[in-house]
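The residues making up each chain are set out below.
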Amino acid sequence: ELKVEQNPLFLSMQEGKNYTIYCNYSTTSDRLYWYRQDPGKSLESLFVLLSNGAVKQEGRLMASLDTKARLSTLHITAAVHDLSATYFCAVDVGQTSGSRLTFGEGTQLTVNP
Amino acid sequence: KAGVTQTPRYLIKTRGQQVTLSCSPISGHRSVSWYQQTPGQGLQFLFEYFSETQRNKGNFPGRFSGRQFSNSRSEMNVSTLELGDSALYLCASSPDGVYGYTFGSGTRLTVV
């Protein structure tokens, strides 16, 4: 059974600081997603990583994928309050049999002034 | 471009009742997946439909069922509701079920 683990689960950081969220998964996959969720809201797609070594950046967020290590990272640069949210990674192992995303527990990020 | 539309947004039901939730995917998307989100269990996969066929099913009891229509709209049904079924139910659509999932706003179900 696929397991997806995120750490840390809770992250409180000051504005302007940098930090990294880690996402480890237990089986082979070359398809990993990062989502953001604000309280009471749905999931907003941030990044789709489809191959080993993939790196994508959007604003203060950068995501990377190492399929050999089964590890993805979400790096936050110079955090601002608006980044406060819960971040989920999700792995898709479905191929010919259809898709199914397995989510990590989520990282609740709070950016303090 | 319209997003994924889920109806209703909120629902309160009594134990033992049944409920039907609806999901209209983005136009042209043929794959629809359903997820349950609870504080205790997190986000869990329910099932995925592609061109009216269920391709994948998660580890949920048979009380949870779904279907997809020829226009790709999907419904999810939960029978004999239990208190533990209270959750946010999210629908996601994808052009082909390979990658690129867009989630709807969800239906928040409360069972009392």
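Criteria and thresholds
Here the residue numbers are simple positions, counted from 1 along each chain's written sequence. Note on labels: chains are lettered from A, ligands numbered from 1, in written order. Two thresholds apply to this predicted model, a pLDDT of at least 70 for residue-level local features and 80 or more for giving and counting side-chain atom pairs, whereas whole-chain, interface and lining totals are computed over all residues. As a rule here, side-chain values come from all non-hydrogen atoms in the structure, and water together with hydrogens is ignored. Only DSSP runs of H or I covering at least 4 residues are called helices, and only runs of E covering at least 2 are called strands; the numbering of each starts at the N terminus. This radius of gyration counts C-alpha atoms alone. The globule rule is 2.2 Å times how many residues there are, raised to the power 0.38. Throughout, exposure labels follow a simple rule: accessible area from a 1.4 Å probe, protein chains only, divided by the maximum for the residue type, with under 20% read as buried, over 50% as exposed, and the rest as partly exposed. Two residues form a contact once any of their heavy atoms are found within 4.5 Å. The Shrake-Rupley method, run with a 1.4 Å probe sphere, supplies the accessible areas, and residue values consider only the shown protein chains as cover. Note on definitions: salt bridges are taken to be side-chain nitrogens of Lys or Arg within 4 Å of carboxyl oxygens of Asp or Glu. Accessible surface is computed with a 1.4 Å probe, and the buried area is the amount of it that two parts give up when combined, taken over both parts together. Here, a disulfide means two cysteine sulfur atoms that sit within 2.5 Å of each other.

Participant: Any chance you could explain the overall build of chain B here in plain terms?
Facilitator: Of the regular secondary structure elements, chain B holds 0 helices and 11 strands. Walking chain B from its N terminus toward its C terminus, one meets helices and strands in the order β-β-β-β-β-β-β-β-β-β-β. For 112 residues, the compact-globule estimate of 2.2 N^0.38 gives 13 Å, and the C-alpha radius of gyration of chain B, at 13 Å, lies within 12% of that figure. For chain B, the spread of C-alpha atoms along the three principal axes comes to 35 × 25 × 25 Å. Relative to its 112 residues, chain B shows a buried fraction of 49%. Within chain B, residue pairs in contact and separated by at least 24 positions form 53% of the contacts whose partners lie at least 6 positions apart. Per element, the accessible surface of chain B, about 5,200 Å² overall, is 47% carbon and sulfur.

Participant: Mind showing me how you'd approach the pattern of salt bridges here?
Facilitator: It is possible for side chains of opposite charge to pair when their charged atoms get near one another. Counted according to the given criterion, the structure contains 7 salt bridges over all chains. For Arg-31 of chain A, the salt bridge goes to Asp-92 of chain A, with nearest N and O atoms at 3.8 Å. Within this pair, whereas Arg-31 of chain A is found in the loop between strand E3 (19–25) and strand E4 (32–37), its partner Asp-92 of chain A is found in strand E9 (residues 85–92), the two being separated by 61 residues in sequence. Take Arg-31 of chain A: its relative accessible area is 8%, and that puts it in the buried class. On the accessibility criterion, Asp-92 of chain A (1% relative accessible area) is buried. The partner of Arg-55 of chain B in a salt bridge is Glu-48 of chain B, and the shortest N-O contact between them spans 2.7 Å. Overall, Arg-55 of chain B belongs to the partly exposed group, its relative accessible area being 27%. Using a relative accessible area of 0% as the deciding quantity, one classes Glu-48 of chain B as buried. Through salt bridges with shared partners, a single ionic network connects Arg-63, Glu-82 and Asp-85 of chain B.

Participant: Would you mind showing me how to read the interface of chain A and chain B here?
Facilitator: It is common to give the size of an interface as the accessible area that goes away when the parts come together. With 18 residues of chain A in contact, the opposing surface of chain B contributes 21 residues. For the chain A and chain B pair, buried surface summed over both sides reaches about 1,600 Å², with 51% attributable to carbon and sulfur atoms. Ranking the residues of chain A by area buried against chain B places Ser-42, Ser-99 and Arg-100 of chain A at the top, with a combined share of 32%. Here chain A and chain B share 0 salt bridges between them. Of all the elements in the fold, those that place two or more residues in the side of chain A that touches chain B are E4, strand E5 (43–49), E9 and strand E10 (101–103) of chain A. Among the elements that make up the side of chain A that touches chain B, the one with the highest residue count is E4 of chain A (3 residues).

Participant: Mind showing me how you'd approach unusual backbone geometry here?
Facilitator: Leave glycine aside and you will find that most residues have negative phi; peptide bonds, for their part, are mostly trans. Asn-7 of chain A connects to Pro-8 of chain A through a cis peptide bond whose omega is 0°. Structurally, Pro-8 of chain A can be placed in the loop between strand E1 (4–7) and strand E2 (10–14). Following Thr-7 of chain B, the chain continues into Pro-8 of chain B via a peptide bond in cis, with omega recorded as -10°. Checked against the element boundaries, Pro-8 of chain B lands in the loop between strand E1 (5–7) and strand E2 (10–13). The backbone phi angle of Ser-51 of chain B is positive, close to 50°, even though this residue is not glycine. Mapped onto the elements, Ser-51 of chain B comes out in the loop between strand E5 (42–50) and strand E6 (53–57). With phi around 45°, Thr-80 of chain B is a residue other than glycine that occupies positive phi space. Tracing the backbone shows Thr-80 of chain B in the loop between strand E8 (74–78) and strand E9 (87–94).

Participant: When you look at the state of the cysteines in this model, what are you seeing that I'm missing?
Facilitator: Note: disulfide means a covalent bond formed between the sulfur atoms of two cysteine side chains. Enumeration according to the criterion identifies 2 disulfides over all chains in this entry. Two residues share a disulfide in this structure: Cys-23 of chain A and Cys-89 of chain A, whose sulfurs sit 2.1 Å from each other. Taking the sign of the torsion about the S-S bond as the criterion, the disulfide between Cys-23 of chain A and Cys-89 of chain A, at about 80°, is right-handed. Taken together, the residues Cys-23 of chain A in strand E3 and Cys-89 of chain A in strand E9 connect sequence positions 66 residues apart. Between the sulfur atoms of Cys-23 of chain B and its disulfide partner Cys-91 of chain B the distance amounts to 1.7 Å. Across the disulfide from Cys-23 of chain B to Cys-91 of chain B, rotation about the S-S bond amounts to roughly -50°, and the bridge is consequently left-handed. Here Cys-91 of chain B lies in strand E9 and Cys-23 of chain B lies in strand E3 (residues 19–24), a separation of 68 residues in the sequence. The burial state of Cys-23 of chain B is the same as that of Cys-91 of chain B; both residues are buried.

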